[in-house]
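Commentary on secondary and tertiary structure
Take a look at the letters that make up each chain.
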Amino acid sequence: MTFNKKVLICSMLSSIFMATAAQAQLYKSVGPDGKVTYSDQPPAANQKVEKKKLPDTLEGGNLPQELAIVVAKNPVTLYSANGCSPCNDGRNLLKSLGIPFNEKTVNTAADQEKMKQVSGDLQMPLLVISNVKFRGYSMDEWKDALSKAGYPATSKLPKDYRYAAAEPAAPPPPPAAAKAPDAARQAATPQPKKPDDGFKF
């Protein structure tokens, strides 16, 4: 193998390695004017930098880099309820567009209280893109908002992508751990005295 071919192969392997490494990281930089920018490229040396790992799918490979950046910058959350037809329409729209999102269900009094804290009312469904809220389902309004947030018009999700199961808006507290034997009670119980064997030290 000639020297030039060796150099070419080494250069190609280096480029592949660097590209792979870049896909695993997201750079958040804050400019002198306070403007926040997300990029897969390291920012200028004079900018404040925060490095983040790009989000992964739940059951599959990494999200495409372009989509992962948008998800990190403008995450999507859907608040829904059982028996809510507009909620089903909204969920189906998000999935048809390939939008990664978290779903919060509002079915209990605690869930309703949590949604009031987020939205101010109980109008269903509620779509939250970053910190912007959209009450009620409107296909055109949702599509426009998702487009402005940077999401692609057609699905870019990997074929093996699986959406996370919906979770209650106000998750129940974890079950209390099984109580250990009450050591204090055992200590308070008088123990039988050992017989005096006559030895003293």
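Keep in mind that what you see is a predicted model, and the values were worked out from it rather than measured. Here the residue index of a chain counts from 1 through its sequence in written order. With pLDDT at 70 or above as the cut-off, local features in this predicted model cover only qualifying residues; side-chain atom pairs require 80 or more to be listed or tallied, and sums for whole chains, interfaces and linings still use all residues. Think of the side-chain values as coming from all heavy atoms in the structure, minus any hydrogens and water.

1. Examining the state of the cysteines
Convention followed: Only a pair of cysteine sulfur atoms within 2.5 Å counts as a disulfide in this structure description. Accessible area is worked out with a 1.4 Å probe on protein chains only. A residue is then buried under 20% of its type maximum, exposed over 50%, and partly exposed in between.
Scanning the entire structure with this criterion turns up 1 disulfide. Paired through a disulfide, C84 and C87 show a sulfur-sulfur distance of 2.2 Å. Judged by the sign of its S-S torsion, about 75 degrees, the bond between C84 and C87 is right-handed. One exposure class covers both C84 and C87, and it is buried.

2. Description of the pairing of strand β7 (residues 132-135)
Defined as follows: Strands are treated as partners if at least two bridges between them are detected by DSSP. Helix numbers and strand numbers start at the N terminus; a helix is a DSSP run of H or I with at least 4 residues, a strand a run of E with at least 2.
As paired elements, strand β6 (residues 126-129) and β7 share 4 bridges and run antiparallel to each other. Bridged to L127 within β7 is F134. Linkage of β6 to β7, two consecutive antiparallel strands, is achieved through a turn of 2 residues, within which S130 is found at a positive phi near 60 degrees.

3. Here's the deal with the packing of helix α3 (residues 85-96) against helix α5 (residues 139-148)
Keep this limit in mind: Under this scheme, a helix contributes an axis fitted over its contacting stretch, all axes are lines through C-alpha atoms, and angles between N-to-C directions fall in the 0 to 180 degree range. Helix crossings are classified by the rotation of the near helix relative to the far one: an anticlockwise turn of less than a right angle makes the crossing left-handed, while a clockwise turn makes it right-handed. In what follows, a contact means two residues having at least one pair of non-hydrogen atoms within 4.5 Å. Three classes are used, and their members are as follows: Ala, Val, Leu, Ile, Met, Phe, Trp, Tyr, Cys and Pro are nonpolar, Asp, Glu, Lys and Arg are charged, and the others, Gly among them, are polar.
Axis separation between α3 and α5 bottoms out at 11 Å; the angle between their running directions is 35 degrees. Handedness of the crossing formed by α3 with α5: right-handed. The segment α3 lies against α5, with G90, L93 and L94 engaging M139, W142, K143 and L146. A breakdown of the residues in the contact of α3 with α5 according to their chemical character gives 5 nonpolar, 1 polar and 1 charged.

4. With respect to the side chain of N74
Secondary-structure assignment places N74 in the loop between α2 (65-73) and β4 (76-80). Not counting residues up to four positions away in its chain, the partners in contact with N74 are I129, S130, A149 and Y151.

5. A short note on unusual backbone geometry
In this model, M124 is joined to P125 through a cis peptide bond whose omega is -10 degrees. Position of P125 relative to the elements: it lies in the loop between α4 (109-119) and β6.

6. Structural notes on the pattern of salt bridges
Inclusion rule: Only one rule defines a salt bridge in this text: a Lys or Arg side-chain nitrogen within 4 Å of an Asp or Glu carboxyl oxygen.
What the rule picks out here adds up to 4 salt bridges. A salt bridge links E103 to R91, with the shortest nitrogen-to-oxygen separation between them at 2.7 Å. Here E103 is found in strand β5 (residues 102-105), whereas its partner R91 is found in helix α3, with 12 residues between them in sequence. Summarising the burial analysis for this pair, E103 and R91 share the class buried. Where E167 meets K104, a salt bridge forms, and the shortest distance between an N and an O atom there is 3.8 Å. Remark: K104 occurs in strand β5 and E167 occurs in strand β8 (residues 167-168); sequence separation between them is 63 residues.

7. What to know about the packing of aromatic side chains
So the rule is basically this: Here a pair means two rings of Phe, Tyr or Trp (six-membered ring of Trp) with centres within 6.5 Å. Their orientation is stacked below 30 degrees between planes, edge-to-face above 60, and tilted elsewhere.
Evaluated as defined, the whole model comprises 3 aromatic pairs. Look at Y137 and W142: their rings are 5.1 Å apart centre to centre, the planes differ by 85 degrees, and that puts the pair in the edge-to-face class. The class of Y137 is partly exposed, set by a relative accessible area of 27%. Relative to Y163, the ring of Y161 lies with its centre 4.9 Å away and its plane at 85 degrees, an arrangement referred to as edge-to-face. Chaining the aromatic ring pairs together yields one cluster made of F101, Y161 and Y163.

8. Overview of the nonpolar core
Soluble globular proteins tend to bury their nonpolar side chains together. What counts here: Here, nonpolar core refers to any group of buried Ala, Val, Leu, Ile, Met, Phe, Trp, Tyr and Cys residues whose side-chain atoms link them within 4.5 Å.
Counting residues in hydrophobic clusters, the biggest one holds 22 residues, and the most contacted among them are V76, L94, I129, L146 and Y151. Elements with a minimum of two residues in this core: α2, β4, α3, β6 and α5. In terms of residue count, the dominant contributor to this core is α2 (4 residues). Contact partners of L146, with chain neighbours within four places excluded, come to V76, L94, L97, I99, I129 and Y151.

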